[in-house]
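# Breakdown of the fold
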Amino acid sequence: MSTQPAALTQIHEALAAYRPRDAAPYWDASGSAFAINAVLRAKPQDEVDALRLLRSVAPFVLWAHEQDLPEHVEAVFTPDRLEEYLSTGARAEWVSNTFVTVKWAIRRVGVGATKRAPWAPKLTAPKDEKLSVPYSQSEIDWYRAAADNQATARRSRYMRAALAMHHGAGVKHNELRFIVLGDLSEGDGHYVLTLTDQHTRLSRMPNRVVAVDAAYNTDIAELLSEASTGTLAYRHVGSDSYDPLKVVRREIEVPAALPTMDPRRLRNTWIANLLNRRLPLRAVLEAAGLQTLDLSLFLPFLVDADLPRSRRGMAGLDLAP
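Quick look at the structure, then.

This brings us to the overall build of the protein. Scanning the protein from N- to C-terminus turns up 16 helices and three strands. Per-residue burial over the protein gives 47% buried out of 321 residues. For the protein, the share of sequence-separated contacts (at least 6 apart) that also reach a separation of at least 24 residues comes to 67%. Accessible area for the protein stands at about 16800 Å²; split by element, carbon and sulfur atoms hold 52% of it.

Moving on, we get to the side chain of Arg 155. Summarising the element assignment, Arg 155 is placed in helix H8 (residues 153-169). By relative accessible area, which is 17% here, Arg 155 ends up buried. Apart from the residues within four sequence positions on either side, Arg 155 is in contact with Gln 150, Val 248, Glu 251, Ile 252 and Glu 253.

Right, let's talk about the pairing of strand E3 (residues 208-211) for a bit. Because side chains alternate across E3, one face comprises the buried residues Arg 208 and Val 210, and the other comprises Val 209 and Ala 211, none of which is buried. Relative to E3, strand E2 (residues 191-195) runs antiparallel, the two sharing four bridges. Paired with Val 192 across the bridge in E3 is Ala 211.

This part takes up the nonpolar core. Ranked by size, the top nonpolar core spans 46 residues in total, and within it Tyr 158 and Met 165 carry the most contacts. The element that contributes the greatest number of residues to this core is H8, accounting for eight residues. Beyond its immediate chain neighbours, meaning those up to four positions away, Tyr 158 contacts Leu 176, Ala 233, Leu 245, Val 248, Arg 249, Ile 252 and Met 261. Counting 39 residues, the second largest nonpolar core, distinct from the first, contains Tyr 18, Leu 53, Val 61 and Trp 63.

Before going further, it helps to examine the pairing of E2. In regular strands, side chains alternate between the two faces of the sheet. Counting buried residues in E2 gives four out of five residues, a clear majority hidden from the surface. In terms of strand pairing, strand E1 (residues 184-186) meets E2 through three bridges, oriented antiparallel. For Glu 186, the partnering residue across the bridge sits in E2 and is Tyr 191. Linking E1 back to E2 in an antiparallel pair, the connection comprises four residues, with Gly 189 at a positive phi of about 85 degrees.

We now examine the sheet that holds E2. In spatial order, the strands read E1-E2-E3; together these three strands make up an open sheet with antiparallel pairing. For this open sheet the edge positions go to E1 and E3, each flanked by a neighbour on one side alone. Each neighbouring strand pair of the sheet contributes to a mean axis angle of 25 degrees, computed without reference to strand direction. Here helix H11 (residues 217-226) sits on the sheet and contacts E1 and E2; the angle it forms with E2, its principal contact strand, is near 60 degrees.

A few words on the pattern of salt bridges. Enumeration according to the criterion identifies 15 salt bridges in this entry. A salt bridge links Arg 144 to Asp 219, with the nearest nitrogen and oxygen atoms 2.6 Å apart. One end of the pair, Arg 144, is in helix H7 (residues 137-147); the other, Asp 219, is in helix H11, with 75 residues separating them in the sequence. Judged by relative accessible area, which is 24%, Arg 144 ranks as partly exposed. Relative accessible area serves as the criterion here: at 13%, Asp 219 is assigned to the buried category.

A separate point is unusual backbone geometry. Phi is positive for Lys 43, which is not a glycine, with a value near 55 degrees. Checked against the element boundaries, Lys 43 lands in the loop between helix H2 (25-40) and helix H3 (47-66). The exposure class assigned to Lys 43 is exposed, which follows from its relative accessible area of 59%. Look at Arg 278: it is not a glycine, yet its phi comes out positive at around 60 degrees. Tracing the chain through its elements places Arg 278 in the loop between helix H13 (263-276) and helix H14 (281-288). On the basis of relative accessible area, Arg 278 is assigned to the partly exposed category, the value being 41%.

Among the residues of helix H12 (residues 244-251), those classed as buried are Pro 244, Leu 245 and Val 248. On an axial view of H12, the arc spanned by its buried residues comes to 95 degrees, and they lie on one face. Contact partners of the buried residues in H12: H8 and helix H9 (173-176).

So, how was this worked out
Residues numbered from 1 in each chain as written. Predicted model: local features only at pLDDT ≥ 70, side-chain atom pairs only at ≥ 80, totals over all residues. Heavy atoms only, no water. Helix = DSSP H or I, 4+ residues; strand = E, 2+ residues; numbered from the N terminus. Buried < 20%, exposed > 50% of the residue type's maximum accessible area, 1.4 Å probe, protein only. Contact = heavy atoms within 4.5 Å. Areas by Shrake-Rupley, 256 points an atom, 1.4 Å probe, with all protein chains shown as cover. Pairing = 2+ DSSP bridges. Core = buried A, V, L, I, M, F, W, Y, C linked by side-chain atoms within 4.5 Å. Axes fitted to C-alpha atoms, helices over the stretch in contact; angles between N-to-C directions. Salt bridge = Lys/Arg side-chain N within 4 Å of Asp/Glu carboxyl O. Arc of directions from axis to C-beta.

Rendered as C-alpha cells:
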C-alpha cells in the first residue's frame, strides 16, 4: 500500500517539527535527518504512524551516537544493537507499558531501512495505548500556546482549564467538570483549590486542598472571569451519565507533532514536578490524594541539580542556604 503524495507531505512536515526530549546538539547537526530518513524507509501510512515510529527511533539514534557508532543504518539498526539499547540505554522513553512499543517501532524501521541485518520480517503492531509518562516542558509550553489558538472559545476555555487543573493542581479528569468559582481562593502568590465530596464523588479520591502552580495564575484569573456562569471548564456540569468535557476534549486541535493531551499524563507531569521541587513525599502524596506512589514510573524524570546539597541532606547536615 503506497502513501499518497498529500499524506507524504504531511508526514514530512510532522517529522521535521518533532524534537526529542533534551535533544543533544547532534540531533540538530545530523541526527534528525538520519532518524527521519530511516523512519521514511519504513513507509509510514500517515503522520500519526510516522511520529509513533520517530518517538522511539529518535532516542535510539541519540544513544547510538553516544556509542560512537557510524551514522549508517546497517551499523545502527541491527537486532544486536537494539537489544543492547533496551538493556543499557536511558529508559525515560519507554517506562510504563511502552517497552513493547519501542522494540516494535525500532524493529519495524530496521526491517524497512536495512538490507543485511537479520531482522525477523513478521512484525505485529502493539496496541496504541496512551502513555502515562510525564510530558516534557516544551510539550507543556506547546499545549499552552495551542490552548490560546483554538477554533472556538469553548475549546480554548476547556483546554486552559484542563492544563491549569490537571497540570497545575493534579486534578483527576472526573473532578475537573465540578470545579466552580468558589472552589478557588487566593493564597500567598498563588491560588488554592479545595476539593470536597462534590468533586471526588466520581473519582473516589480523598478530599484535599492543593496549592495550584503559580505559573497558571494569569490563566486562572481569566478563567474565573469567564466562568461567571457554569464551571471553570464549561458552561454546565452535565450528569452522572454524561460528561460534556469528554466531548470537548475530542474536539480540541493540537499540532500533529504533539502527543494526545491526556489528563492522566498531565497529572503525572504535575507529580514529577512536585518531586523535583524537593517537597516532602508526604506532602506530595496528600496533595495527589494517594497513599503510595509507583516511583519506577517517575524515576527517569527526577533530577538532582544540586548533588552537594543532596549529600549534605544524606549526612543529616543543615540544608539551609
